[in-house]
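Understanding the architecture of this molecule
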Amino acid sequence: MQISSIPATAADWHRLADGYSYETRMFIDGALCDAAEGGRYESVNPATGRVIAAMSAGTQVDVDRAVAAARRAFRAGVWSRLAPRGRMDVLLRFADLIAAHAADFALLDSVEMGKTVSGMLGFDIPSAVANIRFAAEAIDKVEGAVTATARSALHYTLRQPLGVVGLIVPWNYPMLMASWKLGPALAMGNSVVLKPAQQSGMSAVLLARLFAEAGGPAGVFNVVNGSGARAGQALARHMDVDKIGFTGSVPVGGLMMRYAGESNLKHVTTECGGKSPQVILADCDLDRAVDNAVHGIYSNQGEVCAAGSRIMVERAIHEEFLQRFIDRTAALYRPGDPLDPACGMGPLVDDRQHRTVCGYIARGLEEGARLAMGGGAPEGLEEGFYVAPTLFTEAHNDMTIAQEEIFGPVGVVMPIDDMEQGLELANSSIFGLGASVWTGDLARAHRFARDVESGMVWVNTFFDQDPTAPWGGVKQSGNGRDKCREALNQYSQIKSVWVHLGD
Ligand code: NAD
């Protein structure tokens, strides 16, 4: 562990990948450990289909141990009662260590999940560092309040940590999604048990080790790897876990709420899927709109919760948009080796996701949409789990490909008459995560932003984000807000204190 400098070429990255010592253990109570029952699962490189390592598969026993360690640390106050600036110092050092291990994180998330190293270095890692820093710097700005009660009483509120928090995260941005939750959860003084997706468990363990190296006390940050059905469920049903911060699919988000209801009524926040509309109107800056629409659906192989997968284009520019979109995709997104720094698009995460995405492509054809681009494996890349950038046209909003989250590089274009129709179609969805409108008419843009049923709206832009800006959805896209000051509230609770003053 710790690659000293960022490799320059694909060959350098491959040499590193071949000689790297992959950690297969979990991290509980300040130490690396194997699963108590000895179970293992294979971590597979999706670019080649080959096994990288046999990872420890956690079960109920490991979750019990991790939760007990987290509770002990919480009660001991080694972190929860540390002076706010003490926590801040540790978290700032943690952020620095993440930045210093950029090459390790890029390698791990790339070989496990198929992420491009350029995407990791250009986006995931700097964003994760910024998110941890934001949460750290917010620690001593958290305040309670003295409220307006009668003269005979003093009433004030204390904002306090929840206790033991379970964090269950997906594979599409492994270390970044973890950072969105770790930052506020740790900043507020909680102890955490992180359960990464089975497809991408290695970077989670590196995060925990770096937190310890930064001075984080044992038991405060634990990682249990393993399947959702076993390790994840054990955590979400645990009677001594106070909250689950979840990011993942809608069905599993629903299970989190059910498990909470069937166990100890723990807090649950969910960040789930999306089918984000991009409404592109004739008076927009078409070059910008096309490039953003292309990035909106093909970046990270389309495995993005807020992917702009429903592209609605005003009829007057529909044909021109399509031609430019296809040309720009060819220039910007050629699938290849994710360890090549020049590569902008890797494989899908695993065989299962590959079959799911191919199934949706078949369904689109059956339902009568026209395949304008892609639709199968890119030439020469039949070995890994690759799907070429794919575009359907002549689609309508009630087709399966326009309603369900595909979570792959498959865009659906629908012609619209005007903004009102775009808005109506945008809102005809069970999801409400992101949405964008492209227009030169300011009033129209603000009307869209006001009326679209979506947690986030982009006007003449797409995917902009910042640690200061809340991230989250409405409807079945979830009820949580990651990032920003609001996230700190979601990992803490208010206590009410009354003091009798007399007359
Ligand atoms: P998933 O729901 O299958 O899994 C998410 C996590 O839940 C994983 O750690 C998994 O192991 C765990 N899990 C699965 N079954 C479980 C169970 N029965 N009990 C407890 N835990 C269980 O999702 P995924 O395939 O890993 O990720 C893709 C999904 O995540 C997409 O729907 C995507 O839109 C969503 N996502 C949302 C956001 C957001 O901010 N809204 C961000 C990234 C990804």
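Predicted model, so just to flag it, every value in this text is computed and none were measured.

1. Some thoughts on the overall build of the protein chain
Assigned secondary structure in the protein chain consists of 16 helices and 18 strands. Relative to its length of 503 residues, the protein chain is compact, with a C-alpha radius of gyration of 23 Å against a globular reference of 23 Å. A principal-axis box enclosing the C-alpha atoms of the protein chain has dimensions of 75 × 65 × 40 Å. In the protein chain, which comprises 503 residues, the share counted as buried stands at 58%. Considering only contacts in the protein chain between residues 6 or more positions apart, those separated by 24 or more positions represent 75%. Within the structure as shown, the protein chain displays about 19200 Å² of accessible surface, and the carbon and sulfur contribution to it stands at 52%. Once the 44 positive and 57 negative side-chain charges of the protein chain are each reduced to a mean point, those two points are 8 Å apart.

2. Remarks on a nonpolar patch on the surface
Judged by side-chain polarity, Val146, Leu154 and Leu501 come together as a nonpolar surface patch covering roughly 270 Å² of accessible area. Inspection of the secondary structure assignment puts Leu501 in the segment after β18 (492–500).

3. Topic: the sheet that holds strand β15 (residues 410–416)
Reading across from one edge, β13-β14-β15-β12-β11-β16-β17 is the order of the seven strands in this open sheet, with mixed pairing throughout. One side of each edge strand has no neighbouring strand; the edge strands of this open sheet are β13 (370–373) and β17 (456–459). Geometrically, the sheet is characterised by an average inter-axis angle of 20 degrees between neighbouring strands, direction not taken into account. Note that strand β14 (residues 390–393) and β15 share three bridges and pair parallel. Paired with Phe392 across the strands is Val412, a residue of β15.

4. Let's talk about the pattern of salt bridges
Inspection of every chain in the model, using the stated rule, returns 27 salt bridges. Salt bridges linked by common partners bring Glu23, Arg25 and Arg209 together as one network.

5. Re the layout of surface pockets
In this approach, a probe sized like a water molecule rolls over the atoms, and the result shows the empty space that is left. Of the voids in this model, the largest pocket is the one considered here, and its volume is about 1200 Å³. In terms of lining residues, the largest pocket is bounded by 47 residues, among which Trp171, Gln199, Ser249, Val252 and Arg352 are the most central. Mapped onto the lining of the largest pocket, the elements with two or more residues apiece are β3 (40–45), α8 (228–236), β9 (243–247), α9 (250–262) and α12 (351–366). At six residues, α9 tops the list of elements feeding residues into the lining of the largest pocket. Looking at the lining of the largest pocket, its residues break down into 26 nonpolar, 13 polar and eight charged. If you add up the space inside the second largest pocket, you get close to 480 Å³. If you trace the second largest pocket, you find 22 residues lining it, with Gly119, Phe123, Tyr173, Ser299 and Asn300 closest to the centre. Elements with a minimum of two residues in the lining of the second largest pocket: α5 (117–138) and α6 (174–187). Here the lining of the second largest pocket spans two domains, and each of domain 1 (35–42 + 53–272) and domain 2 (277–466) adds at least three residues to it.

6. Side note on unusual backbone geometry
The phi angle at Leu265 is positive, at roughly 55 degrees, despite the residue not being glycine. Mapping Leu265 onto the fold places it in the loop between α9 and β10 (267–271). With a phi close to 55 degrees, Asn460 is a non-glycine residue in the positive phi region. Locating Asn460 in the fold gives a position in the loop between β17 and α16 (484–490).

7. Remarks on the site of the ligand
If you check the shell around the ligand, you find 28 residues, and the closest are Val169, Lys195, Ser249, Cys272 and Glu405. The separation between an oxygen atom of the ligand and a polar side-chain atom of Lys195 is 2.7 Å. Within the contact set of the ligand, a nitrogen atom lies 3.3 Å away from a backbone nitrogen or oxygen of Gly228. Under a 2 Å grid-point criterion requiring more than half of the atoms, the pocket assigned to the ligand is the largest pocket. For the shell around the ligand, the secondary structure elements donating two or more residues are α8, β9 and α9. It is α9 that contributes the most residues to the shell around the ligand, four residues altogether.

8. A short note on the nonpolar core
Core analysis: the largest hydrophobic core is formed by 99 residues, its most contacted members being Leu91, Phe94, Ile98, Phe221, Ile280, Phe321 and Phe325. No fewer than three residues from each of domain 1 (35–42 + 53–272) and domain 2 (277–466) sit in this core. Once residues within four sequence positions are removed from consideration, Ile98 is found in contact with Phe105, Ile125, Val129, Ile132, Met175, Leu207 and Leu210. With 28 residues, the next largest nonpolar core counts Val279, Val410, Leu423 and Ala445 among its residues.

Criteria and cut-off values
- Residues numbered from 1 in each chain as written.
- Predicted model: local features only at pLDDT ≥ 70, side-chain atom pairs only at ≥ 80, totals over all residues.
- Heavy atoms only, no water.
- Helix = DSSP H or I, 4+ residues; strand = E, 2+ residues; numbered from the N terminus.
- Rg over C-alpha atoms; globule rule 2.2 N^0.38 Å.
- Buried < 20%, exposed > 50% of the residue type's maximum accessible area, 1.4 Å probe, protein only.
- Contact = heavy atoms within 4.5 Å.
- Areas by Shrake-Rupley, 256 points an atom, 1.4 Å probe, with all protein chains shown as cover.
- Lys, Arg positive; Asp, Glu negative; His and termini not counted.
- Charge placed at Lys NZ, Arg CZ, Asp CG, Glu CD.
- Patch = residues over 30% accessible without salt bridge, like charges linked within 9 Å, V, L, I, M, F, W, Y side chains within 5 Å.
- Salt bridge = Lys/Arg side-chain N within 4 Å of Asp/Glu carboxyl O.
- Pairing = 2+ DSSP bridges.
- Axes fitted to C-alpha atoms, helices over the stretch in contact; angles between N-to-C directions.
- 1 Å grid on protein atoms, 1.4 Å probe; cavity = no way out; pocket = protein on both sides within 12 Å on 5 of 7 lines; lining within 4 Å.
- Points joined across faces, edges and corners; volume = space filled by probe spheres on them.
- Nonpolar A, V, L, I, M, F, W, Y, C, P; charged D, E, K, R; others polar.
- Domains from an automatic or database assignment.
- Near = heavy atom within 4 Å.
- Polar contact = N/O pair within 3.5 Å; in protein donor to acceptor, adjacent residues only side chain to side chain.
- Sits in = over half its atoms within 2 Å of the grid points.
- Core = buried A, V, L, I, M, F, W, Y, C linked by side-chain atoms within 4.5 Å.

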